[in-house]
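# Examination of the molecular architecture
Single-letter residue listing:
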Amino acid sequence: MAARKPAATVETAAGASGPAASPAQASPARDWLERADAVPPEIWLAARSSPPADPARMAALLKEADALFDETPRMLANRTAQLQRMLADKAVTEPPQELLEDFIRLAREDARPGRRSGFGDLCQHYYNLRASGLGRGAALEALARAGQGSPKP
């Protein structure tokens, strides 16, 4: 009889440890993660990538973004997924983990005192730049020049 493999665990974006759910269980078809939903934000957002992203990596990104922006991990996941959908409507495909990585980098590079931009604002500015025809690199550069990645104080 084969020994049973212990369940994998993952640290959630909120810092708790728990069983690692399969990204397939997160139902990426859902447009918004509600506060009462039992699915952790990192599992739900990881399932939105094709192929599904690593939930542990997504948890780390959400935790890092939570420290920089004035949003909860759930709202960070929701805003990232919302931006991903809006870009897809314009035939632009960007995985959620890349969006988070880019916005975290912007926030870290623009840590000027007195400047602050929320994550939702950053998503909207990025979307507007992409919708106007700028490529990913040019849009991120424009945001960096404008200081749109400012973290919370």
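Keep in mind that what you see is a predicted model, and the values were worked out from it rather than measured. (Residues numbered from 1 in each chain as written. Predicted model: local features only at pLDDT ≥ 70, side-chain atom pairs only at ≥ 80, totals over all residues. Heavy atoms only, no water.)

### What to know about the environment of Ala46
Here is the rule we go by: Helix and strand definitions follow DSSP, with helices as H or I runs of at least four residues and strands as E runs of at least two, each counted in order from the N terminus. Think of it in three bands: with a 1.4 Å probe and only protein chains considered, a residue is buried below 20% of the maximum accessible area for its type, exposed above 50%, and partly exposed in between. The contact definition used throughout considers only heavy atoms, calling two residues in contact when any of these lie within 4.5 Å.
Of note, Ala46 is situated in helix 1 (residues 41–46). A relative accessible area of 0% places Ala46 in the buried class. For the pair Ala46 and Pro96, spaced 50 residues apart in sequence, the C-alpha separation works out to 7.7 Å. In this view, Ala46 contacts Pro52, Ala53, Asp54, Pro55 and Met58; residues no more than four positions away in its chain are not counted.

### Let's talk about the packing of aromatic side chains
The cut-off we apply is this: Centre distance within 6.5 Å is the pairing criterion for rings of Phe, Tyr and Trp, where only the six-membered ring of Trp is used; planes under 30 degrees apart are then read as stacked, over 60 as edge-to-face, and the remainder as tilted.
Scanning all chains against the criterion turns up 3 aromatic pairs. When the ring of Phe69 is compared with that of Phe119, the centres are 5.1 Å apart and the planes differ by 70 degrees; the resulting orientation is edge-to-face. In this pair, Phe69 sits in the loop between helix 2 (55–68) and helix 3 (73–89) while Phe119 sits in helix 5 (residues 119–131), placing the two residues 50 residues apart along the sequence. For the pair Phe69 and Phe119, one class covers both residues: buried. Seen from their ring centres, Phe103 and Phe119 are 5.7 Å apart, and the 70 degrees between their planes marks the pair as edge-to-face. Here the residue Phe103 occupies a position in helix 4 (residues 96–109), and Phe119 occupies one in helix 5, the gap between them amounting to 16 residues. Taking the relative accessible area as the measure of exposure, Phe119 reaches 1% and is therefore buried. Within the aromatic cluster, the residues linked to one another by ring pairs are Phe69, Phe103, Phe119 and Tyr126.

### Notes on the confidence of the model for the protein
Our working rule: The quantity known as pLDDT measures the predictor's confidence residue by residue, on a range of 0 to 100.
In the predicted model, the protein carries a mean pLDDT of 82, and 73% of its residues have values of at least 70. Between residues 1–11, whose pLDDT stays under 50, and residues either more than four places distant or in other chains, the model counts 18 contacts. With pLDDT under 50 throughout, residues 16–25 is counted as low confidence; its partners more than four residues away or in other chains account for 21 contacts.

### Quick word on unusual backbone geometry
The residue after Ser50, namely Pro51, is reached through a cis peptide bond having omega 0 degrees. The residue Pro51 is located in the loop between helix 1 and helix 2 in this model. A positive phi angle is found at Ala91, which is not glycine, with a value near 65 degrees. By the element assignment, Ala91 lies in the loop between helix 3 and helix 4. Here Ala91 falls in the exposed class, since its relative accessible area comes to 70%.

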